[in-house]
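Listed below, chain by chain, are the residues.
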Amino acid sequence: MRVLSGIQPTGRPHWGNYFGAITQYLELQHADQAFYFIANLHALTTVRDQQALAQYTLDAAIDLLAFGLDPDEAVLFVQSDVPEVSQLCWLLLTGTPMGLLERCHAFKDKKAKGLSADAGLFTYPVLQAADILAYDSDTVPVGEDQLQHIEVCRDIAGSFNHKFGEVFVLPRAKVLDGSARVPGTDGEKMSKSYGNTLDVFADPAGQRKQIMRIATDSRPVDQPKDPETDTLYQLYSLVAPAEACQEMADRYRQGGLGYGEVKKALAAAAETFFAEARAQRDDWASRPDDVREILQSGAAWARKKAREVLQRAQAACGLTGY
Ligand code: ADP
Ligand code: TRP
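Bear in mind the structure is a predicted one, so any value in this text is a computation, not a measurement.

Caption draft 1: Representation of the site of ligand 1 within the structure. Surrounding ligand 1, one finds 16 residues, the nearest of these being His14, Gly143, Val182, Ser191 and Lys192. With respect to ligand 1, the side chain of Asp145 contributes an N or O atom lying 3.3 Å from an oxygen atom. With respect to ligand 1, the backbone of Met190 contributes an N or O atom lying 2.9 Å from a nitrogen atom. When isolated, ligand 1 has an accessible area of 530 Å², and the protein chains bury 84% of it. Per-class residue counts for the shell around ligand 1 are four nonpolar, eight polar and four charged.

See below:
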């Protein structure tokens, strides 16, 4: 199995990112080959500040290492350090129908809101396809929101292969069951753009504050409640041990449990759950040159593979051998 995924460096990781995407990267890092990269070229479509992008890029690498990504197991690198991907992107763009990209969410949503989109956002899925195809990846762990992009990648690769021969491996998306949609503090899907996040690396006091703000309903304390449909319980079950969850679920069903008490239990469980990652993060952040070295050697590895695939694609469509 050859695994690949990318993460955009656009801000601090929240629980949705961790439980929806990053846990899967960690599980799959022991595959025959696993490539994980920081998608700074994609982030350029939204982050238009030089210092912020550079800082977020290093931060994203530190976050992944803190969560337990092992650079001896997986190749970790920065997208723009592999220029072959951008070269490959052009080859793919030339065969991509406009209609296919017009149907993609990010572009469609922006247009529907009457906002002007740039060509970078429009062609975003093609760059993502190049990311995936450049390493002959067959498995792409992603959150549900990325499924459309993987389908687009398969379409583009399939039509290239049809025209020029079997050049690309067709990838499959892998979505984590269960925690595919982590709710935010307002009960909607947790997302930076909704301002409803719980940040993994907020200090315990900051985290507690975010938890205390979680919206709850006004049903009386005495009333029995269904834990499965409750935001607080859903979040609790992500960070608390199984027995504690069972106990909490029973107390929900019995009634008599106040939301304030659940919030306190949630804050305590979260603090314990993320303590190790937080300590690891402090450690990696204190030695950024070690992180840069990991990224550079990751990029060297990644380029080796990407060059091979690019040459194969260039030869197939007549760019070499003239
Ligand atoms: P945001 O919505 O905060 O901008 P991103 O789009 O940067 O987050 O998310 C990066 C990845 O994290 C996504 O591909 C998705 O898999 C995962 N993710 C984000 N929010 C959630 C969520 N609420 N539940 C599950 N997974 C999520
Ligand atoms: N678009 C992805 C996201 O926003 C990030 C990404 C870029 C990616 N290239 C990729 C994910 C290739 C998987 C494979 O989350």
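We are not done yet, so read on.
Caption draft 2: Geometry of the domain arrangement of the protein chain. We note that the domain assignment places domain 1 (2-182 + 288-316) and domain 2 (202-273) within the protein chain. Summarising the inter-unit geometry, the C-alpha centres of domain 1 and domain 2 are found 35 Å apart. Each partner contributes to the interface: domain 1 provides five residues, whereas domain 2 provides seven residues. Together domain 1 and domain 2 conceal approximately 490 Å² of surface at their shared face, both sides included; 85% is due to carbon and sulfur atoms. On the domain 1 side of the interface with domain 2, the three residues burying the most area are Trp15, Phe19 and Val182, jointly 85% of the side's total. At the junction of domain 1 with domain 2, the criterion picks out zero salt bridges. On inspection of domain 1 and its partner domain 2, the count reaches one residue pair in polar contact (both at pLDDT 80 or more). Residues of the side of domain 1 that touches domain 2, tallied by class, amount to four nonpolar, one polar and no charged.

Caption draft 3: Molecular detail of helix H4 (residues 83-93). Inspection of H4 places Glu84, Val85, Leu88, Cys89, Leu91 and Leu92 among the buried residues, and these make up the whole buried set. For H4, the angular spread of buried residues about the axis comes to 160 degrees, placing them on one side. Elements that come into contact with the buried residues of H4 comprise helix H7 (119-133), helix H8 (147-164) and helix H13 (288-316).

Caption draft 4: Representation of the side chain of Thr10 in the model. Assignment of secondary structure puts Thr10 in the loop between strand E1 (2-7) and helix H1 (15-28). Within the structure, the side chain of Thr10 is placed 3.2 Å from the side chain of Lys192, a separation counted as a polar contact. Excluding residues within four positions of it along the chain, Thr10 makes contact with Ala43, Thr46, Val47, Tyr56 and Lys192.

Caption draft 5: Inspection of the site of ligand 2 at higher detail. Surrounding ligand 2, one finds 14 residues, the nearest of these being Gln8, Tyr124, Gln128, Asp131 and Gln146. Interatomic distance of 3.1 Å between a side-chain N/O atom of Gln8 and an oxygen atom of ligand 2. A distance of 2.8 Å separates a nitrogen atom of ligand 2 from a polar side-chain atom of Asp131. Burial of ligand 2 by the protein amounts to 89% of the accessible area it has alone, namely 360 Å². Taken together, the elements giving at least two residues each to the shell around ligand 2 come down to E1, H7 and strand E4 (139-142). Residues that form the shell around ligand 2 fall into these classes: seven nonpolar, six polar and one charged.

So, how was this worked out
Per-chain numbering applies: the sequence of each chain, read as written, is numbered from 1 onward. Labels follow written order: the first chain is A, the first ligand is 1, and so on. Local features in a predicted model are, by the rule used here, given only for residues with pLDDT of at least 70; side-chain atom pairs are given and counted only at 80 or more, and totals for whole chains, interfaces and linings are based on all residues. By convention in this description, side-chain values take in all heavy atoms of the structure and omit both hydrogens and water. Summary of the distance rule: residues count as near a molecule or strand when at least one heavy atom falls within 4 Å of that molecule or strand. Throughout this description, a polar contact denotes any pair of N or O atoms lying within 3.5 Å of each other; where both atoms belong to protein, one of them has to be capable of donating a hydrogen while the other can accept it, and for residues adjacent in sequence the pair is counted only when both atoms sit in side chains. Methods summary: accessible areas were calculated by the Shrake-Rupley approach with a probe of 1.4 Å, and residue burial reflects only the protein chains presented. Throughout, the ten residues Ala, Val, Leu, Ile, Met, Phe, Trp, Tyr, Cys and Pro are labelled nonpolar, Asp, Glu, Lys and Arg are labelled charged, and all others, Gly among them, are labelled polar. Where each domain starts and ends comes from a domain assignment, either automatic or drawn from a database. Contact definition: two residues touch when any of their heavy atoms are within 4.5 Å. Here the buried area means the combined drop in accessible surface, using a 1.4 Å probe, for two parts upon being joined, counting both sides. Salt bridges, as used here, are contacts in which a Lys or Arg side-chain nitrogen is within 4 Å of a carboxyl oxygen on Asp or Glu. Exposure is judged per residue with a 1.4 Å probe applied to protein chains only, and the accessible area is read against the type maximum: over 50% gives exposed, under 20% gives buried, and values in between give partly exposed. A helix here means a DSSP run of H or I that spans at least four residues, while a strand means a run of E at least two residues long, and both kinds are numbered starting from the N terminus. Taken from the helix axis, the directions to the C-beta atoms give the arc we talk about.

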